[in-house]
Amino acid sequence: MNRREFIKIGGVAALTMAFGGFNLAEAKNFSARKIDFHAHAILPSYVEGLKRLGIDAQAEEGFPLPQWSVDAHLKFMADAGIDFTVLSMATPHIFNGAQNEKLSCELARKINEDFAEICRRYPDEFGFVAALPMPGVEGSIEEIKFATEKLGALGVKVASNSDGVYLGDERLDPIFAELNARKSLVIIHPSPARVLPREGVVTGKVMALFEYPADTTRAVLNLLSNGTPEKFPQIKFVVPHCGSFLPYMKQRAGAMFRMLAAMNLMPPVDISAGMKNLFFDLAGDPMPEQMDLLLKITDEEHLIYGSDYPYVPAPVWLKKKEFLDAELAKRNWTRKIYIDNSKKLLGAVR
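Reference entry: report on the structure contained in this document. All residue numbers refer to positions counted from 1 along the written sequence of the respective chain. Selection of residues for local features in this predicted model requires a pLDDT of at least 70, selection of side-chain atom pairs for listing and counting requires 80 or more, and totals for whole chains, interfaces and linings are taken over all residues. Water and hydrogen atoms play no part in the side-chain values, which are based on all heavy atoms of the structure.

**Regarding empty space enclosed by the protein**
The method is simple in principle: a probe with the dimensions of a water molecule rolls over the atoms, and the space it marks as empty is what remains. In the cavity and pocket records, a cavity denotes points on a 1 Å grid over the protein atoms alone where a 1.4 Å probe fits but cannot get out, a pocket denotes an open set with protein on both sides within 12 Å along at least 5 of 7 lines, and lining residues are residues with an atom within 4 Å of a point. Grid points are joined across faces, edges and corners, and a volume is the space filled by probe spheres set on the points. Counted according to the given criterion, the structure contains 3 cavities of 30 Å³ or more. Reported here for the largest cavity is a volume of approximately 100 Å³. Taken together, Leu-282, Ala-283, Gly-284, Pro-286, Tyr-305, Gly-306, Ser-307, Val-312, Trp-317, Lys-320, Lys-321 and Leu-324 form the lining of the largest cavity. Residues that form the lining of the largest cavity fall into these classes: 7 nonpolar, 3 polar and 2 charged. Ten residue types, Ala, Val, Leu, Ile, Met, Phe, Trp, Tyr, Cys and Pro, are classed as nonpolar, four, Asp, Glu, Lys and Arg, as charged, and the remainder, Gly among them, as polar.

Next up, the structure:
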């Protein structure tokens, strides 16, 4: 099943056919069924590509790249009741200086071809969003065209910053113009900032503790402050990890943006309008507190499910699953979060 066939899905019967015969009307344990928007494949071409670029994943992240295989992922999906997974490239991002841009383009192509091969072998279980050699503009635009038109990518994955160039930076506008023209799905994923305090501070040891949500928040605030969602309204952005720190920052940033605009230090920005159409995945720890915080800045119509496999080990995730299943069932949101919002999101892109 190619990308265009997938995103034309509409109604229970078509969804049933697309997700390997899963019948929503007949499912006895519907709370177990899910579409996973946040999961990674640690491909051999990606691991080798990092070596060729001179990027040490463990040194950059403070955490080793997890082991991954198609078979292990399929077992996890079966155990977790996940019917379909949108795969994306992991972190670190595949860019290490302009001098290596050609190599980054080659690696993005190889990674996307490998993603597409997995999806051809398992069309009912996997789709993917393409890796891009950002901040390279020409290479990224070329890869958007190739991955979507030739490989069936559902959209793209973008790092919060690519070699220090943040989402919202006007240098990336040609890339976002191409994505806007295609009504693309854009999944944001954190990447550590170029310079960080790493010694003597716990947040500098493992990026997932603080720096990843911090950099996601920094990137989204930059998108909003530069009016990127309004400039490119056809793009469907997905913010990871329960919105990161945005539930706290929306009010503070809104007040600061108004003050700065009044001082003529930035153009006026309506942060609420900019955030209105963002989607948020529930990867991380939505229960018991984070989801309520997230609902301060969005509504249940803009929440989609994400597991963050294989970074969250399967036994740990399965324990978390019990709490999220129970909470969604209590709110009568099970189908909405696990299936319907994902279908709506994919149906909104070409």
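**With respect to unusual backbone geometry**
Across the junction of Met-134 and Pro-135, the peptide omega takes the value 15°, indicating a cis bond. Segments assigned H or I by DSSP are reported as helices when at least four residues long, segments assigned E as strands when at least two residues long, and all are numbered from the N terminus. Mapping Pro-135 onto the fold places it in the loop between β3 (126-130) and α7 (137-149). The omega angle of the peptide bond from Met-287 to Pro-288 is 10°, so this bond is cis rather than trans. Take Pro-288: it is sitting in helix α13 (residues 286-294). Unusually for a residue other than glycine, Ser-244 sits at a positive phi of about 55°. Relative to the helices and strands, Ser-244 resides in the loop between β8 (236-239) and α11 (246-262).

**Side note on the packing of helix α3 (residues 44-53) against helix α6 (residues 101-121)**
Axis definition: a line fit to C-alpha positions, over the contact stretch in the case of helices; interaxial angles, taken between N-to-C directions, run 0 to 180 degrees. Axis separation between α3 and α6 bottoms out at 10 Å; the angle between their running directions is 170°. Overall, the two elements α3 and α6 adopt an arrangement that is roughly antiparallel. Counted together, Ser-45, Tyr-46, Gly-49, Arg-52 and Leu-53 of α3 and Leu-103, Ser-104, Glu-106, Leu-107, Lys-110, Ile-111 and Asp-114 of α6 form the full contact between these two elements. Looking at side-chain class alone, the contact of α3 with α6 contains 5 nonpolar, 3 polar and 4 charged residues. What sets the label is the angle itself: under 35 degrees gives roughly parallel, over 145 gives roughly antiparallel, 65 to 115 gives roughly perpendicular, and the rest give oblique. Note on definitions: a residue-residue contact is assigned when non-hydrogen atoms from the two residues lie within 4.5 Å.

**A closer look at the packing of α6 against α7**
Where α6 contacts α7, the axes come no closer than 10 Å and their chain directions differ by 15°. When the axis of α6 is compared with that of α7, the two are roughly parallel. With respect to the hand of their crossing, α6 and α7 are arranged in right-handed fashion. Seen from α6, the contacting residues are Glu-101, Cys-105, Ala-108, Arg-109, Asn-112 and Glu-113; seen from α7, they are Val-137, Gly-139, Glu-142, Glu-143, Phe-146 and Ala-147. Each residue belonging to the contact of α6 with α7 can be placed in one class, and the counts come to 5 nonpolar, 2 polar and 5 charged. Each crossing gets its hand from how the near helix is turned against the far one by less than a right angle, where anticlockwise is left-handed and clockwise is right-handed.

**What about the packing of aromatic side chains?**
Pairs were defined over the aromatic rings of Phe, Tyr and Trp, the Trp ring being its six-membered one, requiring ring centres within 6.5 Å. Orientation was assigned from the angle between planes: stacked under 30 degrees, edge-to-face over 60, tilted for the rest. Throughout the structure, instances matching the rule amount to 9 aromatic pairs. Ring centres of Phe-176 and Phe-237 lie 6.0 Å apart, and the angle between their planes is 45°; on these two criteria the pair is classed as tilted. Residue Phe-176 is located in helix α8 (residues 173-181), and its partner Phe-237 is located in strand β8; the two are separated by 61 residues in the primary sequence. An aromatic cluster of at least three residues, connected via ring pairs, comprises Phe-76, Tyr-305, Tyr-309, Trp-317 and Tyr-338. Charge-over-ring contacts are defined here by two conditions on Lys NZ or Arg CZ: a distance within 6 Å of the ring centre and an angle within 35 degrees of the ring normal. Against the face of Phe-146 rests Arg-109, its NZ or CZ located 3.7 Å from the ring centre.

**What about the sheet that holds strand β9 (residues 279-281)?**
Ordered by their spatial adjacency, 8 strands build an open sheet running β1-β2-β3-β4-β7-β8-β9-β10, and the pairing between neighbours is parallel. With one partner strand each, in any of the chains shown, β1 (34-40) and β10 (303-304) form the two edges of the open sheet. Two strands pair when backbone bridges link them, and strand β4 (residues 155-159) and strand β7 (residues 185-189) are joined in this way by 5 bridges, in the parallel orientation. Residue pairing for β7: Val-156 is matched across the bridge by Val-186. Pairing between strands requires that DSSP locate at least two bridges from one strand to the other.

**Topic: the pattern of salt bridges**
Any Lys or Arg side-chain nitrogen located within 4 Å of an Asp or Glu carboxyl oxygen qualifies as a salt bridge. Tallied over the entire structure, the rule returns 23 salt bridges. A salt bridge links Arg-109 to Glu-143, with the nearest nitrogen and oxygen atoms 2.9 Å apart. Residue Arg-109 is found in helix α6, and its partner Glu-143 is found in helix α7; the two are separated by 34 residues along the sequence. Think of it in three bands: with a 1.4 Å probe and only protein chains considered, a residue is buried below 20% of the maximum accessible area for its type, exposed above 50%, and partly exposed in between. For Arg-109, a relative accessible area of 22% puts it in the partly exposed group. We classify Glu-143 as buried; its relative accessible area is 3%. What emerges from the salt-bridge pattern is a single network uniting Asp-292, Glu-327, Lys-330 and Arg-331.

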